[in-house]
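# Coordinate inspection notes
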Amino acid sequence: MSIEIANVGKRFGGFVALDDVSVSIPAGQLTALLGPSGGGKSTLLRIIAGLERADTGRVEIDGVDATGLPPQKRNVGFVFQHYAAFKHLSVRRNVAFGLEIRKRGRDEIRRRVDELLALVHLEQFADRLPSQLSGGQRQRMALARALAVEPTVLLLDEPFGALDAKVRKELRDWLRRLHDEVHVTTVFVTHDQEEALEVADEIVVINEGRVEQIGSPDQLYDAPANEFVMRFLGPVTQLGDQLVRPHDLQIRTGAAAPAAVAGRVSRVTRVGFEIRVDVTTEPGQVVAVTLTRNEFLALGVDTGAAVWLTIAPGSPTTTAAASRPVTAAPSLAGSR
Ligand SMILES: Nc1ncnc2c1ncn2[C@@H]1O[C@H](COP(=O)(O)OP(=O)(O)OP(=O)(O)O)[C@@H](O)[C@H]1O
């Protein structure tokens with residue numbers, strides 16, 4: 001049940017929401033559409049669902065041209081951030097709804113709903129009303145309802161976005177496990193890079209209506225296509241004109257390697273299990289380095305110490321597009 005999106009464009013008035021977007025979503029995978037707010041993720045998802053019509057381009061679901069098909073003919077399941085349940089119906093009836101309107105037999109419905117409630121771990125809540133569930137339980141009910149009609153594709157628009165951090169994390173682990181059991185081709189929208197990196201088989205990074213990069217979490221993290229992707233996927237710092245992750249920098253106190261950049265420790269901050277060491281280089285650039293506590297203790301430096309910075313071999317780096325002004329810091333010239 002693969003999805004092919006070819007050259008899709010969408011405008012709202014004069015505003016370009018999607019600009020020539022092409023993505024192949026492989027069958028049976030969990031794919032994340034990741035990007036900042038307003039980038040076009042939901043619009044793309046809605047176009048796949050048939051809730052929005054593309055101005056240009058084509059959408060193919062499972063080899064069939066779906067570009068002009070209405071949502072009900074696409075066999076997609078959809079879950080939104082704020083799930084609208086039938087308030088007066090029990091959890092069981094909510095999950096059964098799609099099967100009832102398809103006039104499935106009573107025994108079949110009961111069997112299928114029992115299976116689904118077990119799958120989302122809501123068996124003991126079958127007779128409650130949606131208002132008697134927690135937010136996380138309600139979203140699991142929504143997923144069970146979307147899965148009830150055996151969609152070829154499951155589309156999730158920030159399904160856990162409205163929940164608190166702890167519940168989100170539980171649900172994302174659960175979604176991963178659920179997907180490993182059910183294997184339905186799933187596309188979910190998130191603006192949370194950690195969520196995408198943890199859960200997805202493949203990530204499509206979308207920004208300002210365009211695809212910035214498509215790849216596995218490892219590919220995106222280890223080989224970001226550009227500065228945007230590198231910055232969006234995790235913390236970065238700048239050494240000279242190179243963007244690098246703070247934990248990919250090495251600090252030395254002794255004889256400098258040929259490519260090492262000299263500086264002084266300007267600040268040391270402990271952040272949980274990590275130590276953040278700011279090193280101000282001679283041109284006055286403040287470079288952030290993160291070390292484990294043991295690495296920091298072994299290094300034996302403190303504020304004011306003269307050090308040399310190198311980028312650990314093999315680390316992902318990108319050249320900063322425009323060299324940003326370096327952070328203002330007192331000049332260290334001549335103070336070594
Ligand atoms: N029906 C509409 N009419 C006009 N503009 C719209 C409409 N739907 C979306 N847009 C605009 O298109 C752009 C992309 O919106 P979209 O919802 O796809 O972004 P998103 O990446 O999903 O963002 P978020 O994470 O905030 O939901 C936004 O600037 C939005 O304001």
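For the structure given in this document, a descriptive report is provided here. Computed from a predicted model, the values in this text were never measured in an experiment. (Residues numbered from 1 in each chain as written. Predicted model: local features only at pLDDT ≥ 70, side-chain atom pairs only at ≥ 80, totals over all residues. Heavy atoms only, no water.)

## Concerning the overall build of the protein chain
What counts here: Secondary structure elements are taken from DSSP: a helix is a run of H or I of four residues or more, a strand is a run of E of two residues or more, and numbering for both begins at the N terminus. Burial classification: accessible surface area is computed with a 1.4 Å probe over protein chains only, and a residue below 20% of its type maximum counts as buried, one above 50% as exposed, and the rest as partly exposed. Whether two residues are in contact is decided by their heavy atoms: any pair within 4.5 Å suffices. In this description, accessible areas are obtained by the Shrake-Rupley approach with a 1.4 Å probe, and a residue is regarded as covered only by the protein chains that are shown. The positive count covers Lys and Arg only, the negative count covers Asp and Glu only, and His and the chain ends enter neither. By convention, the charge on Lys lies at NZ, on Arg at CZ, on Asp at CG and on Glu at CD.
When its secondary structure is counted, the protein chain shows 9 helices and 18 strands. Taken over the C-alpha atoms alone, the protein chain extends approximately 85 × 45 × 30 Å along its principal axes. Burial statistics for the protein chain: of 336 residues in total, 47% are counted as buried. The long-range share in the protein chain, meaning contacts at least 24 apart out of those at least 6 apart in sequence, stands at 65%. With an accessible surface of roughly 16,300 Å², the protein chain has 51% of that area assigned to carbon and sulfur atoms. Of note, the protein chain has its 39 positive side-chain charges centred 6 Å away from the centre of its 41 negative side-chain charges.

## Some points on the site of the ligand
Selection criterion: One heavy atom within 4 Å of a molecule or strand is enough for the residue carrying it to be called near that molecule or strand. Two N or O atoms count as a polar contact when they lie within 3.5 Å, although within protein this holds only if one can serve as hydrogen donor and the other as acceptor, and sequence-adjacent residues are included solely when both atoms are side-chain atoms.
Every residue lining the ligand is accounted for by Phe12, Phe15, Ala17, Pro36, Ser37, Gly38, Gly39, Gly40, Lys41, Ser42, Thr43 and Glu158. Taking Gly38, its main chain carries an N or O atom lying 2.7 Å from an oxygen atom of the ligand. One of the side-chain nitrogen or oxygen atoms of Thr43 is found 2.5 Å away from an oxygen atom of the ligand. In isolation the ligand has 630 Å² of accessible area, and contact with the protein removes 58% of it. Residue contributions to the shell around the ligand peak at 3 residues, all from helix 1 (residues 41–49).

## A few points about the pairing of strand 15 (residues 274–281)
So the rule is basically this: Here, strands pair whenever DSSP counts at least two bridges between them.
In terms of burial, strand 15 is a largely internal element, 6 of the 8 residues being buried. The pairing of strand 14 (residues 261–271) with strand 15 spans 8 bridges and is classified as antiparallel. Looking at strand 15, one finds that Arg270 is bridged to Ile275. Between the antiparallel neighbours strand 14 and strand 15 lie 2 residues, among them Gly272 with a positive phi of about 60°. Direction of pairing for strand 15 relative to strand 16 (residues 286–292): antiparallel, over a ladder of 7 bridges. What sits directly across from Glu274, in strand 16, is Thr292. Once strand 15 ends, the chain turns through 4 residues before running back antiparallel as strand 16, passing Gly284 with a positive phi of about 90°.

## With respect to the sheet that holds strand 4 (residues 56–61)
Whether parallel or antiparallel, the strands of a sheet pair through hydrogen bonds between backbone atoms. Our working rule: In this analysis an axis means a line fitted to C-alpha atoms, helices contributing only their contacting stretch, and an angle means the value between N-to-C directions, from 0 to 180 degrees.
As summarised here, the arrangement of the 4 strands in space is 2-1-4-5, forming an open sheet in which the pairing is antiparallel. Strands with a single pairing partner mark the edges of an open sheet, and in this sheet they are strand 2 (15–25) and strand 5 (64–65). Taken strand by strand, helix 1 contacts strand 1 (3–12), strand 2 and strand 4, and its axis lies near 120° from that of strand 1.

## Some remarks on the side chain of Asn207
Mapped onto the elements of the fold, Asn207 is located in strand 9 (residues 202–207). On the basis of relative accessibility, which here comes to 11%, the residue Asn207 falls in the buried class. The contacts of Asn207, once residues within four sequence positions are left out, are Pro36, Gly39, Glu212 and Phe228.

## Some words on helix 2 (residues 91–101)
The complete set of buried residues in helix 2 reads Val91, Arg92, Asn94, Val95, Ala96, Gly98 and Leu99. The secondary structure elements touched by the buried residues of helix 2 are helix 3 (106–119) and helix 4 (135–148). Lys103 occupies a position one or two residues after helix 2 and carries a positive phi of about 60°.

## With respect to the nonpolar core
The cut-off we apply is this: As used here, the term nonpolar core means buried Ala, Val, Leu, Ile, Met, Phe, Trp, Tyr and Cys residues forming a set that is joined through side-chain atoms within 4.5 Å.
Counting residues in hydrophobic clusters, the biggest one holds 45 residues, and the most contacted among them are Val95 and Ile203. In terms of residues, this core owes the most to one element, helix 4, which gives 7 residues.

## Quick notes on the sheet that holds strand 11 (residues 237–239)
Pairing is antiparallel in the open sheet, where 3 strands are placed in the order 11-12-18. The two strands at the open ends of the sheet, each matched to only one other strand, are strand 11 and strand 18 (317–319). Across this sheet, the average inter-strand angle for adjacent strands is 35°, counted without regard to direction. Bridge count for strand 11 against strand 12 (residues 242–244) is 3 bridges, and the pairing is antiparallel. Bridge pairing links Leu239 to Gln242 in strand 12.

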